[in-house]
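Spelled out from the first residue to the last, the chains are:
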Amino acid sequence: MSPEYTFIYEIMTSAEIRKRFLEFFENRGHTVVQSDLLVPKNDPTLLFTSAGMNQFKEQFMGKNIRFKRAASCQKCLRTGDLENVGKTPRHHTFFEMLGNFSFGDYFKKEAISWGWEFMTKEMGLAEERLWVSVYEDDDESYDIWLRDIGVPGRKIIKFGAHDNFWPADAPTMGPNGPCGPCSEIFYDWGEGAGCGKKDCNPACDCGRFVEVWNLVFTQFDRRADGRLDPLPSKNIDTGMGMERIASVMQGVKTNFETDLFEPIVEQVKKELGDEAEKIRITDMYLIADHIRAATFAIADGVSPSNEKRGYVVRKLIRRSYLRSGRKGPFLYNIVPKIADVMKNVYPEVGEKREHVSAIIEEEEKRFDDTLTAAMPVMDSMVSEGAGKLEGEQIFKLVDTYGLPMDVIEEEAEKRKIELDAGGFERRMARRKEQSRKGSDISREFIFQPGHFDNAPKPSYSDEVPLETVLEFILKGDLPVDEIARGDCAEVITSPQSGRLYAEAGGQVGDTGSMVKEGARMDILNTFETGGRKVLQVLVTEGSFGRGDRVTLDLDPERKKRTAKNHTATHLLQAALRRVLGQHVRQSGSLVDDKRLRFDFTHMKKLSDREIIKVENMVNAWIGDCIDVCKETKAIQEAKGEGALSFFGEKYGDTVRVVTIGDHSKELCGGTHVVNTGDIKLFKITAESSVASGIRRIEAVTGDNVHKWLKETLQGMLDGLKIAAGNLQNVLEPEMKRHVFDIVGGGKDIDAGVLRDFEERIRPALMEAKKKLERDAKKIRKEEESGALDDARPSMDRFAEESITIGDVNFVSGILRGLGMPLLRKAAGYLEKKIGSGVIILGSREEGKAYLICAVTSDLASKGVDAGDLINRISGKIGGSGGGNPTFAQAGGKNPEGLQAALEGAKDILGSIS
Ligand code: SER
């Protein structure tokens, strides 16, 4: 290591850096705000929280400002740098961002001088080591650095909008919303660290200069037409990469050697055991990064799946698994170490470590199964194709076998085959189109809170029905003055009704109606954003205009049915925790007036007994008629009493606690019944799996149970009738009488029926059974010959590529998925094809290896012995075998040895001929 790397005043732990940062800004009037969740609530524009400022979007627009200065250490996840992770010393998926924020309070001067003070005084870094950059048009910042701070001009670099505007390139490319020029602080690792050029500066990407802190001067609102409107007030948003400043303060070349990562990387090494020798350190860095990110995402409520966020987690786990080169789950063992390193700052990863581990293990198992099933298919596609996989074949691997595209790409590169990526995309697009048509999403309403930022703030009333005024109407993406019959829109009234429940915590929003003379609209749902209740409406009669006076009423019956389902959800969670264990936690729920759906953490399918137990327990509590108590208290007090919080939820300082006797205590803002007796009845209607480690229960309550029973019984009766009808058709007329005597008359089975059964039905059934067996055999044969047909092109190739040893024609090759009987047939096929020669075929099937050797009789009579050959090479596949001079076979446990066995046979033949 160059001596330059040790140019550090004080080795500082990451915990110390975090603490000093937050205290530094707290002492300068900032409110320290907890990290937001990785999955932002009410912000459909974000996949994951990707910057400290995400949770303050509203404040930057001048709304909801409770404090003017804030500081935080924010959990972030970005997928944009995925390909760089591990390869470079400082790219991550998950990372922590230290930030200080001003909402219309201080601006450039303070942000810059505090930034400098923190780096040079608090962190004690030498001024010579720090460089800065400013946006090319931002003379104000340039002057502050030069004159107020005293950074020499040669160390202030000017960058364009790509590097020094945030978000990058926002003026030309967006996104819309708060943005502004920025200024970065770089740390110089010294001349020995990079390209070595005398004039190297932060514009060079050799690694000598690392960007540690980004100070954003958020002063514009980018509008849809690309205009940059000045914001009502000027803001500050800074972001310092925790891992980067830690590497600087600990004098280590990569973020992976800091105290944040080093123990995790060590654990990765330990888990890899001997395999660790076979992979690169950068691969271990990748695994440490990805599993850390997956752990945090799962702890915040995301499960591996094929959808959006779930897919990111799935991808992180799969990339790590593939990169490790190992077989069988092991990544899950890294989770406890990650929890140890991070739990003091993020208690959720400590609390949920077992759950996270279990989910990762399950995902590894699934992926391993996928690979085991799909790789042989890919092998045979490759061996049959002319150096190319067609779009349809790739689609089959992805869609039917679940093989990820990145694995296919990696394999294709390894095997030097071309991929018809265009064909695959076209096939995929067709599939998407089909599934889009199949689902009725046309009316789905995607709530975009940002659309209401400029709507008026309504006043409040608890009256129902409520006389109110339509203050704001949004149709599509645009505010409008009028809506008419057939229109779907979102409206805000003033006063708004305090009695309308807005969708939250899994409970649907309230519905109702709004009317005026000659016009009516249905309220289909209610949402809330920034203190405004937004009503999603469908106009069913007449038309409405902005400013109209209307009468708003809600649907009380629907609300009552919803309340029953919500309280039942709490009882269900309590019963599940008693029956299955305390690891059960809510991971999602949906409560409406028809049913409830509850997703929870549990690894196994529930048995029938468990379901009945849970159902009985909930019904017993309903029968006990227990009062449901709702109170508001401080979060600490509620948690102290053991109230359950929702998986992946962030709460304020005061919370509402819903308590049901000794059975259940949960933080919840939803609608509940007064007494459990109001629920009347509870029935579980389905149990299923949603994602790895997450089960789902669906249930109904109250009158919906009767409805469900009626429908289900009717379905069963219809089924029985059809079955009875079918039975009638197959039984001979005189048998019908007996059957209907038994079914209809309820008589005991008499001797006549038994005799009939013995004499007539049993032989008929036996005959049918035999026929079925004959059919099954036929199908099996057809399937086998199908498999042989599939292997034929490979065998033809083996024959073409045969070699001559002495004067013996030698044909060999390895097939996949053929068991011994088919392999024998394959050898027979080749024997016929070549006329004279020695054939040795290998096959791997379900982890086993098979070898077969056929020697045509002309050679056998000259002394070439198939049995001897097989005997001598079967050790290579970890097995044994035997046979006679013309035909021999062997089986073993080691498919990896097949190639060596074939090579061995070649050598033996060479030595005897
Ligand atoms: N939002 C800026 C960034 O992410 C600074 O916090 O870089």
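For the structure itself, look to the data block above.
A short tour of the structure in this document, coming up. (Residues numbered from 1 in each chain as written. Predicted model: local features only at pLDDT ≥ 70, side-chain atom pairs only at ≥ 80, totals over all residues. Heavy atoms only, no water.)

1. Concerning the environment of L869
Considering the arrangement of structural elements, one finds L869 in helix α25 (residues 866–873). What makes L869 buried here is its relative accessible area of 3%. Sequence spacing of L869 and T659 is 210 residues, and the spatial spacing of their C-alpha atoms is 78 Å. If we ignore the near neighbours within four places in the chain, the residues touching L869 are V838, I840, C853, A905 and I908. (Helix = DSSP H or I, 4+ residues; strand = E, 2+ residues; numbered from the N terminus. Buried < 20%, exposed > 50% of the residue type's maximum accessible area, 1.4 Å probe, protein only. Contact = heavy atoms within 4.5 Å.)

2. Side note on the packing of aromatic side chains
Aromatic ring pairs: the centre-centre distance and the angle between the two ring planes describe each pair. Counted by the stated rule, this structure contains 23 aromatic pairs. Ring geometry for Y106 against W114: centres 4.9 Å apart, planes inclined by 80 degrees, an arrangement best described as edge-to-face. Look at Y106 and you get buried, because its relative accessible area is 2%. A relative accessible area of 15% means that W114 is categorised as buried. Ring centres of Y187 and W189 lie 5.3 Å apart, and the angle between their planes is 85 degrees; this geometry places the pair in the edge-to-face category. With a relative accessible area of 1%, W189 lands in the buried category. An aromatic cluster of three or more residues is present, and its members are F21, F24, F25, Y106, W114, F118 and W213. Between R427 and the ring centre of F395, over which it is positioned, the NZ or CZ distance is 3.9 Å. A cation sits over an aromatic face here: R792 above Y829, 4.9 Å from the ring centre. (Phe/Tyr/Trp six-rings, centres within 6.5 Å; stacked < 30°, edge-to-face > 60°. Lys NZ or Arg CZ within 6 Å of the ring centre and 35° of its normal.)

3. Topic: the site of the ligand
Around the ligand sit A51, M53, R78, M97, W166, N214, V216, D237, T238 and G239, and that is every residue in its neighbourhood. A distance of 2.8 Å separates an oxygen atom of the ligand from a polar atom in the side chain of D237. Protein burial of the ligand: of its 230 Å² of free accessible surface, 95% is covered by the chains. Sorting the residues of the shell around the ligand by element identifies β8 (209–222) and β9 (228–241) as the ones contributing at least two each. (Near = heavy atom within 4 Å. Polar contact = N/O pair within 3.5 Å; in protein donor to acceptor, adjacent residues only side chain to side chain. Areas by Shrake-Rupley, 256 points an atom, 1.4 Å probe, with all protein chains shown as cover.)

4. Quick look at the state of the cysteines
Applying the stated rule across the entire model yields zero disulfides. Looking at C206, it has no disulfide partner, and the nearest cysteine sulfur is the one in C204, 3.6 Å off. Classification of C206 as partly exposed rests on a relative accessible area of 27%. (Disulfide = S-S within 2.5 Å.)

5. Looking at the sheet that holds strand β25 (residues 628–634)
Taken in spatial order, the three strands make up an open sheet running β25-β26-β27, and their pairing is antiparallel. Of all strands in the sheet, those with a lone pairing partner are β25 and β27 (664–667), marking the two edges. Between one strand axis and the next, the sheet turns by 25 degrees as a mean value, whatever way the strands run. By the bridge criterion, four bridges tie strand β26 (residues 654–660) to β27 in an arrangement that is antiparallel. Across the sheet, residue I660 finds its bridge partner in β27, namely S664. (Pairing = 2+ DSSP bridges. Axes fitted to C-alpha atoms, helices over the stretch in contact; angles between N-to-C directions.)

6. Focus on the pattern of salt bridges
This model, assessed by the stated rule, comprises 56 salt bridges. As a salt-bridge pair, D221 and R223 come within 2.9 Å of each other at their nearest N and O atoms. Taking the relative accessible area as the measure of exposure, D221 reaches 9% and is therefore buried. A salt bridge links E411 to R415; the nearest nitrogen and oxygen atoms lie 3.0 Å apart. Within this pair, E411 and its partner R415 are both found in helix α15 (residues 405–415), separated by four residues, close to a single helical turn. Classification of R415 as partly exposed rests on a relative accessible area of 31%. Through salt bridges with shared partners, one network takes in D379, E411, K414, R415 and R816. (Salt bridge = Lys/Arg side-chain N within 4 Å of Asp/Glu carboxyl O.)

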